[in-house]
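The residues making up each chain are set out below.
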Amino acid sequence: MNKVFLKPGKDKAVIRHHPWIFSGAINSVEGNPANGSLVEVYGSDKAFLGIGAYSQYSQIRVRMWTFEKEEINLDFFQKRISLAIIRRQSVQEMYQDSAWRLIHAESDQLPGLIVDQYNDILVVQILSSGIEYYKREITEALIRATGIQNIYERSDLDVRKLEGLEEHSGVLSGIVPAEIEITEGGFRFIVNLVNSQKTGFYLDQRINRRISANYCKNKEVLNVFSFSGGFSIYAAGFSAKKIVSVDSSQEAIDLAKRNHGLNKFSEENNEWIIADAFKALRKMRDQDRKFDVVILDPPKFAPTVAHVEKAARAYKDINLLGFKLLNPGGILITFSCSGGLSDALFQKIVADAALDAGAYAIILEKLSQGPDHPVSLNFPEGAYLKGLICLKN
Ligand code: SAH
């Protein structure tokens, strides 16, 4: 196996079992590792630190797979996948949903591998060249560990460029229909696995949809960035008086309407708006519209720290408008899924928004990604989703 030697003092993170080694930490590479192939990692004192996958093109040059001397083969992958399944068992029994994230990459000690389960189908996203290199073994290990034959790959993500990988989608095994139906929180949702955002559904908001629904009974609710209607369907199921859903994607709103119908909710007091949220919120403010609950679940405005400043302005803007659209005693449920934005900064942005809206608000609840999107103690970067439930006076 090829070898990577770290610079003096640059082994601290690996010793703490952090899975990333940046190119700047590497002193020398022995041999000529192919993109995605395995390397043994050594400290500057030549002490063995573990085995990782070499990413020739990425700033994250090595992603650690193990900190022990062990064979990386089908058995290794099967064991790691089985551990991920065991980690989720008690949570799955608690919620009884038919879709969840089965493998959350670095947090499940499989850097760059995402696997979402939808009924008896797995949808895989491959984000690192190491996982790509071992795709065949990993597919086989998934089948063995889960007993599921139907596997679809959705690696149609431009971040793969950073790893020197092309975008790719297609069936890896078995039969996968384009559209399926799942149940979540006792509600029915159509999921398009083949041609949709993410792997078809925002599974990371699963528990938050449930928590948010508690605030919607007999309320007038505005759900902005609604996608296929997640928060709106829960609100309807929890007897909201009126629900307005906004998304810029026609397909998302079409699907949201179908999901609404599928759950046999009345069409009365439901409004679907296909529009840019920034414009739609301004228009509603100008019309002096008011709601009891405003939900803001925007896309990732800051994928990395470099985008934070511009993203902060966008978050501030929508949250300010959100506060303005609330009745006294109203609830703002606001999220950020930007990994590059810290919890503290997000809270400050929401605080600034309240101040500028002339609102006094308190935090009732703090939310994060669901337990099937865990955060490893060795990899705090795995935390990306944050939410605040605020009450405005
Ligand atoms: N809350 C949803 C997930 C939201 S994902 C759920 O629970 O499933 C973010 C959504 O924002 C996507 O559906 C995307 O189409 C939409 N979106 C992105 N930019 C937008 C914009 N400028 N205005 C309105 N919607 C936008």
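Counting restarts for each chain, with residues numbered from 1 along the sequence as it is written. Totals for whole chains, interfaces and linings use all residues, but because this is a predicted model, local features are given only for residues with pLDDT of at least 70 and pairs of side-chain atoms are given and counted only at 80 or more. Excluding hydrogens and water, the side-chain figures rest on all heavy atoms present in the structure.

A. Representation of the overall build of the chain within the structure. Along the chain, the regular secondary structure elements total 10 helices and 20 strands. For the chain, the spread of C-alpha atoms along the three principal axes comes to 65 × 45 × 35 Å. The classification of residues rests on relative accessible area computed with a 1.4 Å probe and restricted to protein chains. Under 20% of the type maximum is buried, over 50% is exposed, and intermediate values are partly exposed. With 393 residues in all, the chain has 55% of them scored as buried. Every residue pair with non-hydrogen atoms within 4.5 Å of one another is taken to be in contact. Restricting to contacts in the chain with at least 6 residues of sequence separation, those with at least 24 account for 62%. When the accessible surface of the chain is split by element, carbon and sulfur atoms take 51% of a total near 17,300 Å². We count a stretch as a helix when DSSP gives it H or I for four or more residues in a row; a strand needs E for two or more, and each element gets its number in order from the N terminus. Working definition of accessibility: Shrake-Rupley area with a 1.4 Å probe, residue cover restricted to the visible protein chains.

B. Highlighting the packing of aromatic side chains. Here a pair means two rings of Phe, Tyr or Trp (six-membered ring of Trp) with centres within 6.5 Å. Their orientation is stacked below 30 degrees between planes, edge-to-face above 60, and tilted elsewhere. Counting across every chain of the model gives 18 aromatic pairs. Ring centres of phenylalanine 5 and tyrosine 42 lie 5.4 Å apart, and the angle between their planes is 25 degrees; on these two criteria the pair is classed as stacked. Of this pair, phenylalanine 5 sits in strand 1 (residues 2–6) while tyrosine 42 is found in strand 4 (residues 38–42), placing the two residues 37 residues apart along the sequence. Between phenylalanine 189 and tyrosine 234 the ring centres are 6.4 Å apart and the planes differ by 25 degrees, which places this aromatic pair in the stacked class. Linking phenylalanine 189 in strand 13 (residues 187–192) with tyrosine 234 in helix 6 (residues 230–237), this pair joins segments that are 45 residues apart in sequence. Judged on exposure class, the residue phenylalanine 189 and its partner tyrosine 234 are both buried. Remark: a charge is flagged as sitting over a ring if the NZ atom of Lys or the CZ atom of Arg is within 6 Å of the ring centre and within 35 degrees of the ring normal. For the cation-ring pair, lysine 69 lies above phenylalanine 48, with the distance from its terminal atom to the ring centre recorded as 4.4 Å.

C. Representation of the domain arrangement of the chain within the structure. The domain limits used here are those given by an automatic or database domain assignment. Entries for the chain in the domain assignment read domain 1 (2–66), domain 2 (74–179) and domain 3 (202–392). For domain 1 versus domain 3, the separation of C-alpha centres amounts to 40 Å.

D. Molecular detail of the site of the ligand. To be near a molecule or strand, a residue needs just one of its heavy atoms within 4 Å of it. Arg209, Asp247, Asp276, Ala277 and Asp297 are the nearest of the 15 residues found near the ligand. Identification of polar contacts relies on pairs of N or O atoms within 3.5 Å, with a donor-acceptor requirement for protein atoms, meaning one able to donate a hydrogen and the other able to accept it, and with residues adjacent in sequence counted only if both atoms are side-chain atoms. One nitrogen or oxygen atom from the side chain of glutamine 197 is found 3.0 Å from an oxygen atom belonging to the ligand. Aspartate 247 is positioned with one of its side-chain polar atoms (N or O) 2.7 Å from an oxygen atom of the ligand. Coverage of the ligand by the protein amounts to 90% of the 580 Å² it exposes when considered alone. Broken down by class, the residue content of the shell around the ligand amounts to 7 nonpolar, 4 polar and 4 charged. The classification used treats Ala, Val, Leu, Ile, Met, Phe, Trp, Tyr, Cys and Pro as nonpolar, Asp, Glu, Lys and Arg as charged, and all other residues, Gly among them, as polar.

E. Representation of the packing of helix 8 (residues 277–286) against helix 9 (residues 308–324) within the structure. Where helix 8 meets helix 9, the axes come as close as 10 Å, and the angle between the chain directions of the two elements is 30 degrees. The pairing of helix 8 with helix 9 is recorded here as roughly parallel in orientation. Judged by the sense of rotation from one axis to the other, the crossing of helix 8 with helix 9 is left-handed. Seen from helix 8, the contacting residues are Phe278, Leu281, Arg282 and Arg285; seen from helix 9, they are Ala314, Asp317, Ile318, Leu321 and Lys324. For the contact of helix 8 with helix 9, the per-class residue count stands at 5 nonpolar, no polar and 4 charged. Axis lines are fitted to C-alpha atoms, over the contacting stretch for helices. Their N-to-C directions set the angle, which ranges from 0 to 180 degrees. For this classification, under 35 degrees means roughly parallel, over 145 means roughly antiparallel, 65 to 115 means roughly perpendicular, and everything else is oblique. Helix crossings fall into two classes, left-handed where the near helix is turned counterclockwise from the far one by less than a right angle and right-handed where it is turned clockwise.

F. Spotlight on the pairing of strand 18 (residues 326–336). Among the 11 residues of strand 18, 8 are classified as buried, and the element is accordingly described as predominantly covered. Strands qualify as paired when DSSP identifies two bridges or more between them. As paired strands, strand 17 (residues 291–296) and strand 18 are joined by 5 bridges and run parallel to one another. From the neighbouring strand, phenylalanine 291 faces strand 18, where its bridge partner is leucine 326. As judged from the 6 bridges shared by strand 18 and strand 20 (residues 386–392), these two strands associate in the antiparallel manner. Bridge pairing in strand 20 places phenylalanine 335 opposite glycine 387.

G. A look at the nonpolar core. Throughout this description, the term nonpolar core refers to a set of buried Ala, Val, Leu, Ile, Met, Phe, Trp, Tyr and Cys residues connected via side-chain atoms within 4.5 Å. Leu222 and Phe323 are the most contacted members of the largest nonpolar core, which totals 37 residues. At the level of secondary structure, the elements contributing two or more residues to this core comprise strand 14 (220–224), strand 15 (242–247), helix 8, strand 17, helix 9, strand 18, helix 10 (343–356) and strand 20. With 9 residues, helix 9 is the single largest residue contributor to this core. Not counting residues up to four positions away in its chain, the partners in contact with phenylalanine 323 are Leu332, Val350, Ala353, Ala354, Ala357, Ala359, Ala361, Cys390 and Lys392. Within the second largest apolar cluster, 27 residues are counted, among which are Ile72, Trp100, Leu122 and Ile148.

H. Seen up close, the pairing of strand 5 (residues 48–54). Most of strand 5 sits inside the fold, with 6 of its 7 residues counted as buried. Pairing analysis gives 5 bridges linking strand 4 to strand 5, with the strands arranged antiparallel. Bridged to valine 39 within strand 5 is glycine 52. Remark: 5 residues form the turn of the hairpin made by strand 4 and strand 5, two consecutive strands paired antiparallel; lysine 46 in that turn has positive phi of roughly 70 degrees. Relative to strand 6 (residues 60–66), strand 5 runs antiparallel, the two being bridged by 4 bridges. From the neighbouring strand, isoleucine 51 faces strand 6, where its bridge partner is threonine 66. Between the end of strand 5 and the start of strand 6, which pair antiparallel, lie 5 residues.

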